[in-house]
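Residue-level listing of the chains:
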Amino acid sequence: MSQNFDVVVIGAGPGGYVAAIRAAQLGFKVACIDEWENAAGGPAPGGTCTNVGCIPSKALLQSSEHFEQAGHHFADHGIGIKGLSMDVAQMIARKDAVVKQNNDGILYLFKKNKVSFFHGRGSFLSRTDGLFELSVTGKSNETLQTRHVIVATGSSARPLPGIEFDEVNVLSNDGALRVGATPKRLGVIGSGVIGLEMGSVWRRLGAEVTVLEGLPTFLGAVDQQIAKEAHKAFVKQGLKIELGVKVGEIKNTKKTVSIAYTDAKGGAQTLTVDKLIVSIGRVPNTAGLNAEAVDLKLDERGAIEVDANCRTNVAGVWAVGDVVRGPMLAHKAEEEGVAVAERIAGQHGHVDLDLVPWVIYTSPEIAWVGKNEQQLKEQGIAFKAGTFPFLANGRARALGDTTGMVKMLADATTDEILGVHVVGPMASELIAEACVAMAFKASSEDIARICHAHPSLSESTKEAALAVDKRTLNF
Ligand code: FAD
Ligand code: NAI
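Scope of this entry: the structure provided in the associated data block.

Definitions and cut-offs
- Residues numbered from 1 in each chain as written.
- Chains lettered and ligands numbered in written order.
- Predicted model: local features only at pLDDT ≥ 70, side-chain atom pairs only at ≥ 80, totals over all residues.
- Heavy atoms only, no water.
- Helix = DSSP H or I, 4+ residues; strand = E, 2+ residues; numbered from the N terminus.
- Rg over C-alpha atoms; globule rule 2.2 N^0.38 Å.
- Buried < 20%, exposed > 50% of the residue type's maximum accessible area, 1.4 Å probe, protein only.
- Contact = heavy atoms within 4.5 Å.
- Areas by Shrake-Rupley, 256 points an atom, 1.4 Å probe, with all protein chains shown as cover.
- Pairing = 2+ DSSP bridges.
- Axes fitted to C-alpha atoms, helices over the stretch in contact; angles between N-to-C directions.
- Near = heavy atom within 4 Å.
- Polar contact = N/O pair within 3.5 Å; in protein donor to acceptor, adjacent residues only side chain to side chain.
- Left-handed = near helix turned anticlockwise from the far one by under 90°.
- Nonpolar A, V, L, I, M, F, W, Y, C, P; charged D, E, K, R; others polar.
- Parallel < 35°, antiparallel > 145°, perpendicular 65-115°, else oblique.
- Core = buried A, V, L, I, M, F, W, Y, C linked by side-chain atoms within 4.5 Å.
- Lys, Arg positive; Asp, Glu negative; His and termini not counted.
- Salt bridge = Lys/Arg side-chain N within 4 Å of Asp/Glu carboxyl O.

### Some remarks on the overall build of the protein chain
- Secondary structure assignment for the protein chain yields 13 helices and 24 strands.
- Over its C-alpha atoms the protein chain spans a radius of gyration of 24 Å, differing by no more than 12% from the 23 Å that the globule rule assigns to 475 residues.
- Taking the principal axes of its C-alpha atoms as reference, the protein chain extends roughly 70 × 60 × 45 Å.
- Considering the protein chain as a whole, with its 475 residues, one finds that 51% of them fall into the buried category.
- In the protein chain, 61% of the contacts between residues at least 6 apart in sequence involve partners at least 24 apart.
- Here the protein chain displays about 21500 Å² of accessible surface, and carbon together with sulfur accounts for 52% of that area.

Below you can see the structure in the form of structure tokens.
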């Protein structure tokens, strides 16, 4: 006997669980299938984000930042600490507890919104007259029928060809989040978001961290003025970053990992480390979906092909989040999940991919929304730029963290804000104002004329807006 639903969501990451809740709010009978298991074999909804992504990485970033502050910066405030030590096992246990709270929170939200949860793998079985049959196999074993399917199966770490993740010495994001003791030497391949965040965690705890990056430019997708400022800060902290390398053979002896590579000058080098994180991007998860059963089309990257509204080539099947084009970010997945649920209900949900903010949670944090200076130049768009350094911000001085700046880019003719880029304290929070302003098509003058609380870091955004018109007050 199969169970009937209006909407079935495959995957309970931020794309899937939010889509399921929104669809239930709109009056549909909804099921959500997810196969992630916790250590005890129970369900662990929340996907990559909750289990091995956003949440655990931010928990470790917080713990390691406390350690760094206590060890290097508390003395400035007159706080003396003797015998400072780090219990990595406790840090990992705390992180696991934070993850579990989030898993349980999602199960509670499913109950509250009357979403039926099935713990197992979801696959397409058939499509007949617009009615889909799906199987769930695993802890739950069921057949479900529905007219609307939302695929939100996420992504997995991309391995380097020829070297497998053993999650003991060669680590994906998963293993990198549960290293049992601080490695003496840590190698990272890829100076992208994961490489910088996880490299920072273990560097703060005492590891000697070397990051090998294939591209000659550091954070090429980031405004280069901001990226240069961040690079300077990371190098000063002790992260060793080598750009423009070509990684060759990697040998995992189970005790150490050696990486042969050619440096930017063409010299043959070998890096030997105790642990290696490979963070060179992620691949969409479609294996096991049995997409062929309904002729669901994938693109050349293996992502599910969708239009601007997350419609696939099969009427009634939608796809959101990391498994489709666009930035692989939790909030982008969530917005798409909501928009699709609303479209199924005949509404007009829409996500503006040009206004999805990015944050890298290093110290200093890096955050941006909209276009950067390189893109505006490439696209021949005339712009005005205003920057304001945290060094001139009273709150940043009081915090003891004056690294970085806010940079605002506005259209040379209309003054509409085209991009905001921040490197510095609480950039992750400051960027929200820029998102709101840009969604309402604000001009830099709008921000410059709005009263911002004093003393606050957000005054730097106002000052960057004033700087666009060359009239900063505090710099
Ligand atoms: P996922 O979160 O990957 O969820 C997909 C779910 O579907 C999983 O639970 C999976 O088990 C399940 N699934 C897959 N196939 C099936 C199947 N056939 N049947 C049943 N279940 C299935 N993004 C941010 O915005 N901010 C951050 O700070 C951030 N930090 C990150 C840190 C790390 C280390 C990593 C790896 C990623 C981070 N991300 C961050 C990215 C973020 O985690 C992803 O963009 C987000 O999780 C994508 O959500 P999703 O719902 O598309 O997929
Ligand atoms: P990434 O795309 O951010 O960075 C990968 C880096 O590896 C790039 O700089 C690339 O040039 C480099 N690279 C690729 N192949 C290489 C090779 N063979 N040798 C050397 N360098 C190579 O990917 P990452 O860090 O794996 O993260 C995946 C995604 O997860 C991110 O793009 C982001 O979408 C998401 N994420 C988001 C976070 C956030 O929002 N704070 C945190 C962590 C991950």
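Still more to cover.
### Concerning the environment of G175
- Within the fold, G175 resides in helix α5 (residues 173-176).
- The class of G175 is buried, set by a relative accessible area of 2%.
- Taking the C-alpha atoms as reference points, G175 and F165, separated by ten residues in sequence, lie 8.5 Å from one another.

### With respect to the sheet that holds strand β21 (residues 365-370)
- An order of β20-β21-β24-β23-β22 is seen for the five strands of this open sheet, with the pairing classed as antiparallel. For this open sheet the edge positions go to β20 (358-360) and β22 (383-389), each flanked by a neighbour on one side alone. Taken over all neighbouring pairs, the strand axes of this sheet differ in orientation by 10 degrees on average, direction set aside.
- As judged from the seven bridges shared by β22 and strand β23 (residues 405-411), these two strands associate in the antiparallel manner. Looking at the pairing, F388 lines up with V406 of β23.

### So, the site of ligand 2
- The immediate surroundings of ligand 2 are formed by 24 residues, with I194, E213, G281, M328 and V359 found nearest.
- Measuring from an oxygen atom of ligand 2, one finds a backbone N or O atom of V193 at 3.1 Å.
- Between ligand 2 and V359, the relevant distance is 2.7 Å, taken from a nitrogen atom to a main-chain nitrogen or oxygen of the residue.
- Contact with the protein chains hides 76% of the accessible area of ligand 2, taken as 840 Å² for the molecule alone.
- Sorting the residues of the shell around ligand 2 by element identifies α6 (193-204) and β20 as the ones contributing at least two each.

### Brief notes about the packing of helix α3 (residues 54-73) against helix α4 (residues 88-112)
- Viewed as axis vectors pointing N to C, α3 and α4 meet at an angle of 145 degrees, and their least axial separation amounts to 9 Å. Note on packing geometry: the crossing formed by α3 with α4 is right-handed. Touching I55, P56, A59, L60 and S63 of α3 are M91, I92, R94, K95, V98, V99 and N102, all from α4.
- The residue inventory of the contact of α3 with α4, partitioned by class, reads eight nonpolar, two polar and two charged.

### Section: α3
- Among the residues making up α3, those that are buried are P56, S57, A59, L60, L61, S63, S64, E65, F67, E68 and A70.
- Looking at the buried side of α3, the elements it contacts are α2 (47-52), α4 and α6.

### Thoughts on the site of ligand 1
- Lining the immediate surroundings of ligand 1 are 37 residues, of which D34, T48, K58, G122 and D322 lie closest.
- Interatomic distance of 2.6 Å between a side-chain N/O atom of D34 and an oxygen atom of ligand 1.
- In this structure, T48 approaches ligand 1 through a side-chain N or O atom, which is 2.7 Å from an oxygen atom.
- Burial of ligand 1 by the protein amounts to 94% of the accessible area it has alone, namely 1000 Å².
- No other element matches the four residues that α2 contributes to the shell around ligand 1.
- Of the residues in the shell around ligand 1, the class split is 15 nonpolar, 16 polar and six charged.

### Re the packing of helix α1 (residues 14-25) against α4
- Where α1 meets α4, the axes come as close as 10 Å, and the angle between the chain directions of the two elements is 20 degrees. Accordingly, the angle class assigned to the pair α1 and α4 is roughly parallel. Between α1 and α4 lies a crossing of left-handed hand. Seen from α1, the contacting residues are Y17, A20 and I21; seen from α4, they are I106, L109 and F110.
- Residues belonging to the contact of α1 with α4 are distributed by class as follows: six nonpolar, no polar and no charged.

### Remarks on the nonpolar core
- Grouped together as the largest cluster of nonpolar side chains are 36 residues, with contacts concentrated most on M198, W202, L219, F234 and I366.
- Contributions of two or more residues to this core are made by α3, α4, β11 (185-189), α6, β12 (208-212), α7 (224-237) and β21.
- Non-local contacts of W202, meaning those with residues more than four positions away in its chain, are made with V88, M91, A176, V179, T182, P183, L186, A207 and V209.
- Of all hydrophobic cores here, the second largest spans 28 residues; its members include A410, I431, A442 and A465.

### Focus on the side chain of E242
- As for its placement among the helices and strands, E242 is situated in strand β13 (residues 240-242).
- The side chain of E242 is buried and forms no salt bridge, while K240, the nearest opposite charge, is found at 4.3 Å.
- For E242, the residues in contact, after removing those within four places along its chain, are V211, L212, E213, Y261 and D263.

### Quick look at the environment of S279
- Summarising the element assignment, S279 is placed in the loop between β17 (275-278) and β18 (282-284).
- As a C-alpha pair, S279 and N4 span 275 residues in sequence and 41 Å in three-dimensional space.
- Apart from residues lying up to four places away in sequence, S279 is in contact with V188, I189, G190, I194 and G195.
- From its side chain, S279 meets the backbone oxygen of G190 in a polar contact 3.4 Å long.

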